[in-house]
Amino acid sequence: ADGDPEAGEKVFKKCKACHAVGADAKNKVGPQLNGIVGNAAGQVEGFKYSDNLLELAAEGLTWDEPTLTIYLAKPKDLIPKTKMSFAGLRKDEEIQNVIAYLQTFE
Ligand code: HEM
């Protein structure tokens, strides 16, 4: 990734109402996101995903950087019936930075 994790920490403020990362991160409105970059979708224990996300997860959806880039720009472009109610990040730079931040949590 060529994003800046420190700038990405600021971008993550837009995610924090619904997502936690770090030690003791709990599921909120959305699943905790430790280790999400590069991982299979729909795997966080105890989180109830949308049927649409689970269908795509069963087909092998994985949060590699290109896939995350599409989802974070406009979630419904990737998962039309996702229950993530978030319009998306407008700037590609913000997306790359927040991915770099997420990569710092295993
Ligand atoms: C799912 C990232 C903002 C609610 C996800 C997933 C990722 C993600 C990677 C998939 C997780 C998985 O497969 O385990 C982000 C990032 C955000 C953001 C980086 C900020 C840029 C938000 C906001 C909300 C939200 C603001 C609440 C209003 C959810 C929900 C899901 C989800 C409910 C589950 C989706 C489903 O089951 O279809 N998010 N998210 N997210 N997120 Fe977010």
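What comes next concerns the included structure. Everything quoted here is computed from the prediction, not taken from an experiment.

Topic: the coordination of the iron atom of the ligand
Here is step 1: Of the protein atoms, only His-19 (NE2) and Met-84 (SD) coordinate the iron atom of the ligand, at distances of 1.9 to 2.1 Å.
Here is step 2: Classification of His-19 as buried rests on a relative accessible area of 11%.

Remarks on the nonpolar core
Here is step 1: With 26 residues, the main nonpolar core has Phe-12, Val-21, Trp-63, Leu-72 and Val-98 as its most contacted residues.
Here is step 2: Mapped onto this core, the elements with two or more residues apiece are α2 (51-58), α3 (65-73) and α5 (92-102).
Here is step 3: Of the residues forming this core, the biggest block, 5 residues, is contributed by α5.
Here is step 4: Leaving out residues up to four positions away in the same chain, Phe-12 has contacts with His-19, Val-21, Leu-33, Val-98, Tyr-101 and Leu-102.

Description of the environment of Lys-81
Here is step 1: Mapped onto the elements of the fold, Lys-81 is located in the loop between α4 (75-78) and α5.
Here is step 2: Residue Lys-81 is classed as exposed on the basis of its relative accessible area, which comes to 68%.
Here is step 3: Taking the C-alpha atoms as reference, Lys-81 lies 7.4 Å from Ser-50; in sequence the two are 31 residues apart.
Here is step 4: Not counting residues up to four positions away in its chain, the partners in contact with Lys-81 are Ser-50 and Asn-52.

Thresholds, definitions, all that
- Residues numbered from 1 in each chain as written.
- Predicted model: local features only at pLDDT ≥ 70, side-chain atom pairs only at ≥ 80, totals over all residues.
- Heavy atoms only, no water.
- Donors = N, O, S within 2.8 Å, 3.2 Å for Na, K, Ca; no water.
- Buried < 20%, exposed > 50% of the residue type's maximum accessible area, 1.4 Å probe, protein only.
- Core = buried A, V, L, I, M, F, W, Y, C linked by side-chain atoms within 4.5 Å.
- Helix = DSSP H or I, 4+ residues; strand = E, 2+ residues; numbered from the N terminus.
- Contact = heavy atoms within 4.5 Å.

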